[in-house]
Amino acid sequence: MADSPAPLLDDARCLCGSGEVLGACCGPVLRGQRRAPTAVALMRSRYTAFAVRDLKHLLRSWHPSTAPAREELADSLAEQVRWLRLDILATEAGGPFDEAGVVEFSALSKGPGGRSVQRERSRFVREDGTWLYLDGELG
Ligand SMILES: [Zn+2]
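Rules used throughout
- Residues numbered from 1 in each chain as written.
- Predicted model: local features only at pLDDT ≥ 70, side-chain atom pairs only at ≥ 80, totals over all residues.
- Heavy atoms only, no water.
- Helix = DSSP H or I, 4+ residues; strand = E, 2+ residues; numbered from the N terminus.
- Contact = heavy atoms within 4.5 Å.
- Patch = residues over 30% accessible without salt bridge, like charges linked within 9 Å, V, L, I, M, F, W, Y side chains within 5 Å.
- Areas by Shrake-Rupley, 256 points an atom, 1.4 Å probe, with all protein chains shown as cover.
- Salt bridge = Lys/Arg side-chain N within 4 Å of Asp/Glu carboxyl O.
- Lys, Arg positive; Asp, Glu negative; His and termini not counted.
- Charge placed at Lys NZ, Arg CZ, Asp CG, Glu CD.
- Buried < 20%, exposed > 50% of the residue type's maximum accessible area, 1.4 Å probe, protein only.

## Re the side chain of His57
Okay, step 1: Along the polypeptide, His57 turns up in helix 3 (residues 55-60).
Okay, step 2: With residues near it in sequence (within four places) discarded, His57 still touches Val29, Leu30, Leu42, Ser45, Arg46 and Ala49.

## Thoughts on a negative patch on the surface
Okay, step 1: Together, Glu71, Glu72, Asp75 and Glu79 line one region of the surface with negative charge.
Okay, step 2: Residue classification places Glu71 among the exposed residues on the basis of a relative accessible area of 54%.

## Some remarks on unusual backbone geometry
Leaving glycine out, the prevailing phi sign among residues is negative, and the prevailing peptide bond configuration is trans.
Okay, step 1: Not every positive phi belongs to a glycine, and Arg53 is a case in point at roughly 60°.
Okay, step 2: Secondary-structure assignment places Arg53 in the loop between helix 2 (39-52) and helix 3.
Okay, step 3: A positive phi angle, near 50°, is found at Asp128, a position not held by glycine.
Okay, step 4: Examined against the element boundaries, Asp128 turns out to sit in the loop between strand 3 (114-127) and strand 4 (130-138).

All quantities given are derived from atomic positions and should not be read as evidence of function.
Below, the structure written as structure tokens:
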């Protein structure tokens, strides 16, 4: 699978469901033009990256201690799953001046077996000003 996702239009509604246009939300984060200022912004950008199969952003935003192997992630992105909806349920810390944060979310997807909801409590850490996904507990 190629590293580059399909081109995204900045004036389209962002896939993460924030209600913003892509160019004011996850777009610049996926392109590496802007760092996610908060844990929840990084969470949103990672959802969008899953939706558009942006392997590069997913790996870059994953803490090296827990990141999957590139091939493993590429294989999981190759599965026939469409991400339909993200809901942020709760956040703890994760602001611009925090070193850690938690985001609880549910994500609706549709695969060959039908729709499913993934509910997760994700932990994020900020290192050198950059938020990274550490790990998550499925709920
Ligand atoms: Zn977004």
